Amino acid sequence: EAHMMSGGGGDGDGDGGGAGAGEEWVKLWIHTGHLYIKGRKMSKSLKNFVSVRDLIGDIADGGLGFHPDDLRVFCLQYHYRSSVHYSTDRMHEASAIRNGLYRFLQKASAQKASAQNASAVKATSVNANAPPLA
């Protein structure tokens, strides 16, 4: 049975080689760029990789201490087919972007709440001056 979707790097490592003769391996294939670290393609065999667990793990436990949303922002900065060059500096940049987004959303939420509060106060004061109903 064919898988619904799969992905692979731009060097053809996902060309359907797992399928037998005449068999459909996947229904949809997405070619992605490679992930590089220190100028080399990141791979387990080269032992030059950073796991997500290490990336978002607590510093006290040996992790790098990034927020999961830092990784999301890092990934959103790149087109899915382009190669990505990972570094902790780039993760810190993504973290700064995330913090800026969080601050913006907090300010927007506070302004919305303030506007709603002012509107409610105005509506209350208008109703307080209305003549009593008969």
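Residues numbered from 1 in each chain as written. Predicted model: local features only at pLDDT ≥ 70, side-chain atom pairs only at ≥ 80, totals over all residues. Heavy atoms only, no water.

> Outline the packing of aromatic side chains, listing residues and values.
Tallied over the full model, the rule gives two aromatic pairs. Taking the centre distance of 6.1 Å and the plane angle of 75 degrees together, the rings of Phe74 and Tyr86 count as edge-to-face. Residue Phe74 is found in helix H2 (residues 68-76), and its partner Tyr86 is found in strand S5 (residues 84-86); the two are separated by twelve residues along the sequence. Summarising the burial analysis for this pair, Phe74 and Tyr86 share the class buried. One aromatic cluster is present, built from ring pairs that chain together Phe74, Tyr78 and Tyr86. (Phe/Tyr/Trp six-rings, centres within 6.5 Å; stacked < 30°, edge-to-face > 60°. Helix = DSSP H or I, 4+ residues; strand = E, 2+ residues; numbered from the N terminus. Buried < 20%, exposed > 50% of the residue type's maximum accessible area, 1.4 Å probe, protein only.)

> Describe the nonpolar core, with residues and values.
Ile37, Met42, Leu55, Phe66, Val73, Phe74, Val84, Tyr86, Met91 and Ala94 form the largest nonpolar core, which has ten residues in total. At the level of elements, H2, S5 and helix H3 (88-128) are the ones that each hand at least two residues to this core. In this view, Met42 contacts Leu35, Tyr36, Ile37, Asn48, Phe49, Val50 and Tyr86; residues no more than four positions away in its chain are not counted. (Core = buried A, V, L, I, M, F, W, Y, C linked by side-chain atoms within 4.5 Å. Contact = heavy atoms within 4.5 Å.)

> Lay out the pattern of salt bridges with the relevant residues and their values.
Opposite charge on two side chains permits them to pair, given that their charged atoms come into close proximity. This structure, assessed with the given rule, holds two salt bridges. A salt bridge links Asp70 to Arg98; its shortest N-O distance comes to 2.4 Å. Pair noted here: Asp70 is in helix H2 and Arg98 is in helix H3, with a separation of 28 residues, a long-range link. Residue Arg98 is classed as buried on the basis of its relative accessible area, which comes to 10%. (Salt bridge = Lys/Arg side-chain N within 4 Å of Asp/Glu carboxyl O.)

> Go over the environment of Ser87 with me, naming the residues and quoting the values.
The residue Ser87 is located in the loop between S5 and H3 in this model. Note on Ser87: relative accessible area 24%, which makes it partly exposed. Distance in space between the C-alpha atoms of Ser87 and Lys38 is 7.4 Å, their sequence separation being 49 residues. A distance of 3.1 Å separates a polar atom in the side chain of Ser87 from the backbone nitrogen of Arg90. (Polar contact = N/O pair within 3.5 Å; in protein donor to acceptor, adjacent residues only side chain to side chain.)

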